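A look at the structure
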Amino acid sequence: MDFALPAREPSADLAALLPAGLSPQLVAAAAMAWAQAPFLKGLLRSRRDVLAAIAADGVDAAFAGAMARAAAADDDVMARLRRARGDIALIIALADLAGLWPLERVTAALSDFADSSIDIAIAAALAERGAPNAGMAALALGKLGSHELNYSSDVDLIIVHDPDVIPRRSHEEPGEAAVRIAKRAVAILADLTPDGYVQRVDLRLRPASEITPISLSVAAAEHYYQSEALTWERVAFIRARAAAGDVALGQGLLDRIRPFVWRRSLDWTAVRDIQAVSLRIRDHFEAGQAIGPGFDLKRGRGGIREVEFFAQIHQLIWGGRAPELRAPATLDGLAALAMAGHVSPGEATTLGDSYRMLRTLEHRLQMRRDEQTHAVPRLAADRAAVAALAGARDWAAVERALLAATTPVAAAYDRLIAAAIPATVVIPADPAAWLKRHYPRVAADIVPRIKRWRGGTLRALRSEAAREAFEAVLPALVGGIAEAADPAMAATRLDAFLAALPQGAQFFALLQANPRLVGLLGHLLGVAPVLADALARDPALFDVMLAPDAFDPLPDADALATELAGFTASASALEDMLDRVRRWTGERRFQLGAQLIEGRSDPLVAARALSDLADAALAVIVPAVVADFARSHGHVAGSEPVILALGRYGGRALTHASDLDLVYLFTGDHEAVSDGAKPLPATLYFNRLAARLTAALSVPTAAGALYEVDTRLRPWGAKGMLALSVASFARYQADDAESWEHMALTRARVVGHCPAAETAIAATLHRPRDPETLRRSVLAMRADIAAAKPAKGAFDVKLAPGGLVDLEFLVHFLQLRDGIGVGPDLASAITALTAADRMPDGLAAAHDMLTRFLVLLRLVAANSEVPAAFTPAVEAMLARGMGAASFPAVVEQLALAKNAVRLAFQDILATKGN
């Protein structure tokens, strides 16, 4: 339905009013308005000057002129605003009916005038006390908040004030003065005079509106929204903005309560509340659900509200993590959700088209008599008039268009709210018979556990909401356990998980809303204690698996650093920033772990991504800690901290159990002094800074610990200073370092960029060495490690003969002896050495095989233990992660890899003269 009006000649009475120069579309619009809309007919009769402006300059210029007249100061603000409201109502109606403005322009124009008029009213009320427009703000919610106001709508406002700024008389408290000023501003807008009204004002969306004053102090409002607000208020604030008055005051409040609305860790009970509210709306307005007379365009099935709720529920789910989804306007929100992949482009387009049709028809209803109505008229004559204003042949054509618009909306929304309908599957109070019938394989083990879970002893299941959500998801959860390769182990892990879970209502509501996560949880509990323990500490980690790209590869290192920088940009202080880094990194590490246990990521790719996460964390943490440290101690001119990554971190091959091997350096003169209020010599300055950085990375907070940091690879080890100048480091490597330290340095890389440090490392690694002396040193070091850290079993692919340590020693020996393949990436070094005929073929494949297994092993065995055997579920996961047909095939491949490494080690290192 395109709402195009047919050409129409004006009546004689109207023709006498219309100026020359109006376009045919505007003439047709005026003629239709004159014939079918009594309110617009009255405006046409009384505003020949507005019509003349439209004819002379067009609707856009006429609208701008009317806005300017509204803002022009005079002695009677009430009459001025009411006259302007009539002018603007006529201009917008004609532009809409003539098809000159799309819906978005129409609603924006209505909203712009509302903003301006509210601002003028507040300013006028303050001016009556001799005060400027400061200390009071109007927050717009609803359709005004999203800048998509109706043709004849009220404006939903929350008025707030600053008690220290609001003008008050000698006998008034700040709150009393604010209420009087707010009442005066509302009267300027809403009182009905012979000239009409300006805006219908609704203040009922403020906190506890039945008992609170109409203006709240910003402190009281902030306290309420941070601690007491309800779910519907969170939804309302999706579309909130500071619209008028002291906008900076209002925006400051919105900024501070943003975490209340956009929660990074989603409260799934809130989403369920919204779904339930929508069902109650359908029930309450049951009479207006069917297409026909009385159908409610706003609240009816498939109507405007359901499009808005569809967008808002998705925004509530995803917007806490993705600020680009927080678009207040419905159409903008749908487009952003489609762009991010949370709804399909086709569905977003369909819902957007339906929304435009319904909103435009709503305007036709309202502009007839300036009524705040959303219902299809019950009188046939009124329906015929609306059809004519809509450009339809008759009302039957409008009904067909309504049906076509609402059907896809209702279907999409039905799918979305399905989770609000109570589950029909319930495990009875005595679960034994039910479990034997449905899941005989696990009944004996599960029955006593269910009784314990229901017994009220678990902290996570003490609240009624938690128990209700748990019971709703329990059948599917038991089904997931039953499908595990080792159901008893999965049940045991679930039992331990529930015991450790601090609270359960949100977590089980999340599972109920996303059934696919039940299977993932069962698998995770069955095979990955490292992830299960992390989830028990922080159930919100599961939120990250809701994203459409949860099983896609992570972005590259630069993109991750940019993402984390954006997430931490609004942190209020260093501790807040560190907590954000920990949360973000924890979520991404959990995501990578879930990908690994589901066989959705190559362990080699995951190891690189884990290293990229650490780089991103350092890229944010280091400058923040430096800036915080400099507040007391200033900066050392010409110097900056340098961080070397070594070990698996240096080689970009981290596992979930890896610590960070770091060496701290600094550039510049070690005898320099910092310029702060508490100056320090450079060496002391950077040693204290290094300690701060280590603490920032490793000290646990409410969000957990980030990384374990190992600094023992620094010069002189634990006896040496924590940070050295680059020059001192270079001298140490040249004069004092032992062979094993040079071997460790082969995996060194600068986190960031420091040419001086990179030059020092390269000079050390490329210095000439006596091959036989180096060989003996390498063998002696390997023997020492074997004595101190013997292999833990057949699956110890790190320490066992032919394992990764043997391979690393072999590679580092050849790198130092021959100067070939020198660099921290072990795989690249093996490739270069093989191409130079220094290593036999097959070691690159052996490296990849052993490394993949190590990455997976660190997920299935806590505390870096190496089990002597694995459960069938773990064996299946390991085979899937290794890309093998079965676990015996994995065992065979590992044996071949270790044998290849062992033979090469023996041939190259253990035999003198090679």
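Attention shifts here to the overall build of the chain. The helix and strand tally for the chain stands at 40 helices and ten strands. With the C-alpha coordinates aligned to their principal axes, the bounding extent of the chain is approximately 115 × 75 × 55 Å. Residue burial in the chain is summarised as follows: out of 914 residues, 57% are buried. Long-range pairs, those at least 24 residues apart, make up 72% of the contacts in the chain between residues at least 6 apart in sequence. Put simply, the chain shows about 36,800 Å² of open surface, and 55% of that area lies on carbon and sulfur atoms. The averaged location of the 104 negative side-chain charges in the chain is 3 Å from the averaged location of its 95 positive side-chain charges.

Before going further, it helps to examine the nonpolar core. Core analysis: the biggest nonpolar cluster contains 214 residues, and Phe508, Leu511, Phe542, Met545, Tyr664 and Phe853 have the highest contact counts within it. The element best represented in this core is helix H29 (residues 603–633), accounting for 16 residues. Non-local contacts of Leu511, meaning those with residues more than four positions away in its chain, are made with Val473, Leu517, Val518, Leu521 and Phe542.

Applying the stated criterion to the full structure yields 14 aromatic pairs. On the numbers, 6.0 Å between centres and 85° between planes, the contact of Trp453 with Phe470 is edge-to-face. Of this pair, Trp453 sits in helix H21 (residues 443–453) while Phe470 sits in helix H22 (residues 464–482), and the two are 17 residues apart along the sequence. For Trp453, a relative accessible area of 2% corresponds to the buried category. In textbook terms, an aromatic cluster arises when at least three aromatic residues are bridged by ring pairs, as seen for Phe629, Phe666, Tyr685 and Phe686. Positioned above the aromatic ring of Phe567, the side-chain terminus of Arg580 is 5.9 Å from the ring centre. For the cation-ring pair, Arg749 lies above Tyr649, with the distance from its terminal atom to the ring centre recorded as 4.9 Å.

A complete count under the given rule lists 48 salt bridges for this structure. The shortest N-O distance in the salt bridge between Glu128 and Arg184 comes to 3.0 Å. A residue pair is termed long-range when its members are at least 10 positions apart, and Glu128 in the loop between helix H7 (103–127) and strand E1 (136–141) and Arg184 in helix H9 (residues 174–190) qualify at 56 residues. Since its relative accessible area comes to 29%, Arg184 is described here as partly exposed. A salt bridge links Glu772 to Arg776; its shortest N-O distance comes to 3.3 Å. Separated by four residues within a single helix, Glu772 and Arg776 lie in helix H35 (residues 771–788), roughly one turn from each other. Since its relative accessible area comes to 19%, Glu772 is described here as buried.

The next point concerns unusual backbone geometry. Phi is positive for Phe3, close to 60°, though the residue is something other than glycine. Turning to its location among the elements, Phe3 is positioned in the segment before helix H1 (12–15). On the basis of relative accessibility, which here comes to 9%, the residue Phe3 falls in the buried class. One non-glycine residue with positive phi stands out, namely Arg652, at about 55°.

Walk down a regular strand and you will see the side chains alternate between the two sheet faces. In terms of residue burial, strand E6 (residues 641–646) counts as a mostly covered element, since five of its six residues are buried. Pairing of E6 with strand E7 (residues 660–666) involves six bridges; the strand directions are antiparallel. Bridge pairing in E7 links Ala645 to Leu662. Examined bridge by bridge, E6 and strand E10 (residues 749–750) share two bridges and lie antiparallel to one another. Bridged to Ala645 within E10 is Arg749.

Two packed helices can be described by the angle between their axes and the distance between those axes. Following both chains from N to C, one finds helix H28 (residues 574–597) and H29 inclined at 180°, their axes separated by 10 Å at the closest point. It follows from the interaxial angle that H28 and H29 lie roughly antiparallel. Facing H28, whose interface residues are Leu574, Met577, Leu578, Val581, Trp584, Thr585, Arg588, Arg589, Leu592 and Leu596, H29 presents Pro603, Ala606, Ala609, Leu610, Leu613, Ala616, Ala617, Val620, Ile621, Ala624, Val625 and Asp628.

In terms of residue burial, helix H16 (residues 330–339) counts as a mostly covered element, since seven of its ten residues are buried. Considered for burial, the residues of H16 that qualify are Thr330, Leu331, Gly333, Leu334, Ala336, Leu337 and Ala338. On its buried side, H16 packs onto H7, helix H15 (304–318) and helix H17 (345–369). Immediately beyond the C-terminal end of H16, within one or two residues, lies Gly341, with a positive phi of roughly 85°.

Confidence in the prediction for the chain averages 90 pLDDT; 95% of positions are at 70 or higher. Contacts from residues 419–423, a stretch scored under 50 in pLDDT, to residues over four places away or in other chains number nine contacts.

For the rest of this paragraph, the subject is the environment of Val343. Secondary-structure assignment places Val343 in the loop between H16 and H17. Given a relative accessible area of 5%, Val343 falls into the buried group. Sequence separation between Val343 and Ile597 is 254 residues; the distance between their C-alpha atoms is 27 Å. Each residue touching Val343, except ones within four places of it in the same chain, is listed here: Phe310, His314, Leu334, Leu337, Ala338 and Ala348.

Between H15 and helix H19 (residues 395–417), the shortest axis-to-axis distance is 10 Å and the interhelical angle comes to 40°. Remark: the crossing between H15 and H19 carries left-handed chirality. Here H15 contributes Glu306, Val307, Phe309, Phe310, Ile313 and His314 to the contact with H19, which in turn contributes Val409, Ala410, Ala412, Tyr413 and Leu416. Looking at the contact of H15 with H19 residue by residue, the classes come out as nine nonpolar, one polar and one charged.

Here we take up the side chain of Ser217. Tracing the backbone shows Ser217 in strand E4 (residues 215–217). Relative accessible area serves as the criterion here: at 18%, Ser217 is assigned to the buried category. Side-chain polar atoms of Ser217 contact the backbone nitrogen of Ala220, separated by 3.1 Å. Ignoring any residue separated from it by four or fewer positions in sequence, one finds Ser217 in contact with His161 and Pro163.

Okay, the side chain of His656 next. Inspection of the secondary structure assignment puts His656 in the loop between helix H30 (647–650) and E7. For His656, a relative accessible area of 9% puts it in the buried group. A polar contact of 2.8 Å, which involves the side chain of His656, links it to the backbone oxygen of Arg589. Beyond its immediate chain neighbours, meaning those up to four positions away, His656 contacts Leu531, Arg589, Leu592, Gly593, Leu596, Leu610 and Leu859.

About the criteria used
Residues numbered from 1 in each chain as written. Predicted model: local features only at pLDDT ≥ 70, side-chain atom pairs only at ≥ 80, totals over all residues. Heavy atoms only, no water. Helix = DSSP H or I, 4+ residues; strand = E, 2+ residues; numbered from the N terminus. Buried < 20%, exposed > 50% of the residue type's maximum accessible area, 1.4 Å probe, protein only. Contact = heavy atoms within 4.5 Å. Areas by Shrake-Rupley, 256 points an atom, 1.4 Å probe, with all protein chains shown as cover. Lys, Arg positive; Asp, Glu negative; His and termini not counted. Charge placed at Lys NZ, Arg CZ, Asp CG, Glu CD. Core = buried A, V, L, I, M, F, W, Y, C linked by side-chain atoms within 4.5 Å. Phe/Tyr/Trp six-rings, centres within 6.5 Å; stacked < 30°, edge-to-face > 60°. Lys NZ or Arg CZ within 6 Å of the ring centre and 35° of its normal. Salt bridge = Lys/Arg side-chain N within 4 Å of Asp/Glu carboxyl O. Pairing = 2+ DSSP bridges. Axes fitted to C-alpha atoms, helices over the stretch in contact; angles between N-to-C directions. Parallel < 35°, antiparallel > 145°, perpendicular 65-115°, else oblique. pLDDT = per-residue confidence, 0-100. Left-handed = near helix turned anticlockwise from the far one by under 90°. Nonpolar A, V, L, I, M, F, W, Y, C, P; charged D, E, K, R; others polar. Polar contact = N/O pair within 3.5 Å; in protein donor to acceptor, adjacent residues only side chain to side chain.

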